[in-house]
Amino acid sequence: MRPARRLERVPPYFFAEMDRTKARLRRNGADLIDLGVGDPDIPTPGPVIQKLCEQASVPANHRYPAYEGSGEFRHYLSRFGVRLDPERQAMALIGSKEGLSHLVWAFADPGDCVLVPDPSYPVYAAQTLLAGASPFYMPLEKEDDFLPDLGSIPPGVLSRAKLMFLNYPNNPTSATCSLDFFKEAVGFAREHGILICHDAAYIEMTYDGFLAPSILEVEGAEEVAVETYSWSKPFNMTGWRIAGVVGSEQAISALRVVKTNTDSGQFTAVQMAAVAALEAEPGLFIETMNRTYSARRDVLLEGLSKAGLYPILPRGTFYVWCPVPAGHDSAGFSETLLEQAHVVVIPGSAYGARGEGYVRFALTVGESRLEEAASRIGTVLASRMPGRARGETREWPRPY
Ligand SMILES: Cc1ncc(COP(=O)(O)O)c(C=O)c1O
């Protein structure tokens, strides 16, 4: 038996080794605080579960779902005040990971380029490699507020580029962007004949009064862009596998060709439950969620700061992106935190070469556990770097 050679293009599964270490520590009785995977610890809202139960007993829902998603579900995908034709410009996805992956197959041929932020959600690059195309990594640097410098992409790359991924609020850096940046990106995509896929998985998760823009708010964006929206994080529904894509009609019909030949859509009852989540808004679940995560964020930032680290203040997502102390690399520092503090974080290098020098904390445990995690990290750092002042409280920079 010989699996396809394309599998060799994808780097080995990063989390396997970390999972083994976690299992060993747990077997030895360690009390691990897991701030690794971005999987909400809070249950799905009651009305959403209730709707699923109701809809699960409707016989019409037991048949194959409509490929594109039900009409009602697609209607609700026109969110954020953006007017779209739900028939031609919206489609249900079995989680945004599915849609992002299949979009690559719909657009990238071998020899083509896909513009991928570095660091970023690993699926963009992995699917590009599987499809036989080449990722061109757009560096996201702290000095540039983690926005790509579109003007620096070489002409030789642009002539082969078919698709560009963007993602704000951003995993893993937690950066946000302005509508002006999206305007620039839309103009760029139009000039070079590139489709933008804006992955808006965290668009609802913002803090301190900031509301993240949708790329489709830019005039004419629906001609060159699609946006994926996911129920996973804002409604604590990662296990439900429900998301949607809206925007360019041409891109969505290309995606439809891949999807109709690959899957048969998401269970209609799940789509109806997703509609119930949005119907209960505005403000009901999302505001509560953002209050919860911003309180957790503040606890972790204060704790890490006392521990001697310099985390970046997130305006969105439920991640904290933090430079590692001098003398460490991402993987080594994560391993130290796991082995000695029993705190699980993800090394930035797992998200691309430009993630080196950082680790990512997910705010997926309650405030007291975050406090405990930061305090354990402080103890480990103090023992490894005895000269370092510990317990000093720095003034936290709050730019807004
Ligand atoms: C940036 C980003 N996009 C997409 C996803 C996947 O979301 P979904 O659960 O909708 O597949 C994740 C999950 O962590 C993510 O971080």
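Residues numbered from 1 in each chain as written. Predicted model: local features only at pLDDT ≥ 70, side-chain atom pairs only at ≥ 80, totals over all residues. Heavy atoms only, no water.

## Comments concerning the pairing of strand E2 (residues 90-93)
And then number 1: Burial of the side chains of E2 extends over both faces: Ala90 and Ala92 are buried on one face and Met91 and Leu93 on the other.
And then number 2: Sheet analysis places E2 next to strand E8 (residues 243-247), joined by four bridges and oriented antiparallel. Counted as the bridge partner of Ala92 is Gly244 from E8. (Buried < 20%, exposed > 50% of the residue type's maximum accessible area, 1.4 Å probe, protein only. Helix = DSSP H or I, 4+ residues; strand = E, 2+ residues; numbered from the N terminus. Pairing = 2+ DSSP bridges.)

## What about unusual backbone geometry?
And then number 1: Looking along the chain, the bond that leaves Tyr168 and enters Pro169 is cis, with omega of -10°.
And then number 2: Inspection of the secondary structure assignment puts Pro169 in the loop between strand E5 (161-166) and helix H8 (179-192).
And then number 3: In this structure, Pro172 follows Asn171 across a cis peptide bond, with omega equal to 10°.
And then number 4: Within the chain, Ser174 stands out as a residue other than glycine whose phi angle is a positive 70°.
And then number 5: Mapped onto the elements of the fold, Ser174 is located in the loop between E5 and H8.
And then number 6: Notably, Thr317 is not glycine yet its phi reads approximately 65°, a positive angle.
And then number 7: Position of Thr317 among the secondary structure elements: in the loop between helix H11 (284-306) and strand E9 (319-323).

## Quick word on the packing of aromatic side chains
And then number 1: Inspection of every chain in the model, using the stated rule, returns 13 aromatic pairs.
And then number 2: Judged by centre distance (5.8 Å) and plane angle (75°), the ring pair of Tyr121 and Tyr124 falls under edge-to-face.
And then number 3: Judged by relative accessible area, Tyr124 falls into the buried class, the value being 0%.
And then number 4: Ring geometry for Phe146 against Tyr358: centres 6.3 Å apart, planes inclined by 75°, an arrangement best described as edge-to-face. With Phe146 in the loop between strand E4 (134-139) and helix H7 (155-158) and Tyr358 in strand E12 (residues 358-362), this residue pair connects regions lying 212 residues apart in the sequence.
And then number 5: Of the residues examined, Tyr358 reaches a relative accessible area of 13% and is grouped as buried.
And then number 6: An aromatic cluster is defined as three or more aromatic residues linked by ring pairs; in this entry it consists of Tyr202, Tyr293, Phe318 and Tyr319.
And then number 7: The lysine or arginine in question, Arg315, covers the ring of Phe210, its NZ or CZ lying 4.3 Å from the ring centre.
And then number 8: Residue placement shows Arg360 over the ring face of Tyr319; its charged tip is 3.8 Å from the ring centre. (Phe/Tyr/Trp six-rings, centres within 6.5 Å; stacked < 30°, edge-to-face > 60°. Lys NZ or Arg CZ within 6 Å of the ring centre and 35° of its normal.)

## Comments concerning the pattern of salt bridges
And then number 1: Counted according to the given criterion, the structure contains 21 salt bridges.
And then number 2: For the salt bridge of Glu302 with Lys306, the shortest nitrogen-to-oxygen distance reads 3.5 Å. Of this pair, Glu302 and Lys306 both sit in helix H11, separated by four residues, roughly a single helical turn.
And then number 3: Under the relative-accessibility criterion, Lys306 is labelled partly exposed at 34%.
And then number 4: In this structure, Glu372 engages Arg376 in a salt bridge whose closest nitrogen and oxygen atoms are separated by 2.8 Å. Of the two residues, Glu372 and Arg376 both sit in helix H13 (residues 367-384), four residues apart, roughly one turn of that helix. (Salt bridge = Lys/Arg side-chain N within 4 Å of Asp/Glu carboxyl O.)

## Quick notes on the pairing of E5
And then number 1: Here E5 lies mainly inside the structure; five of its six residues are buried.
And then number 2: With three bridges joining them, strand E3 (residues 113-118) and E5 adopt parallel strand pairing. Across the sheet, residue Cys113 finds its bridge partner in E5, namely Ala161.
And then number 3: Where E5 meets strand E6 (residues 195-199), four bridges bridge the pair, whose relative direction is parallel. Bridging from a neighbouring strand, Leu163 pairs with Leu195 of E6.
And then number 4: Running through H8, the crossover from E5 to the neighbouring parallel element E6 is right-handed. (Right-handed = clockwise from strand over helix to strand, strands pointing away.)

## What to know about the nonpolar core
And then number 1: If you look at the biggest cluster of nonpolar residues, it comprises 96 residues, and the most contacted ones within it are Met164, Trp231, Phe235, Phe361 and Ile377.
And then number 2: Considering every element that reaches this core, the biggest residue donor is H11, with eight residues.
And then number 3: Filtering out sequence-adjacent residues up to four positions away, Phe361 remains in contact with Leu35, Leu300, Leu304, Phe318, Tyr319, Val320, Cys322, Leu337, Val345 and Ile377.
And then number 4: Judged by nonpolar contacts, the second largest core, of 23 residues, contains Leu103, Phe107, Leu195 and Val245. (Core = buried A, V, L, I, M, F, W, Y, C linked by side-chain atoms within 4.5 Å. Contact = heavy atoms within 4.5 Å.)

## Re helix H5 (residues 96-107)
And then number 1: Given a rise of 1.5 Å per residue, 12 residues ought to cover 16 Å, and the 17 Å separating the end C-alpha atoms of H5 matches this to within 8%.
And then number 2: H5 sits mainly inside the fold: nine of its 12 residues count as buried.
And then number 3: Looking only at H5, the buried set comprises Ser96, Glu98, Gly99, Leu100, Ser101, His102, Leu103, Val104 and Phe107. (Expected span 1.5 Å × (residues − 1).)

## Remarks on the confidence of the model for the protein
And then number 1: Confidence along the protein averages 92 in pLDDT terms, with 94% of residues attaining 70 or more.
And then number 2: Confidence drops under pLDDT 50 across residues 388-400; counting only partners more than four residues distant or on other chains, this segment forms 31 contacts. (pLDDT = per-residue confidence, 0-100.)

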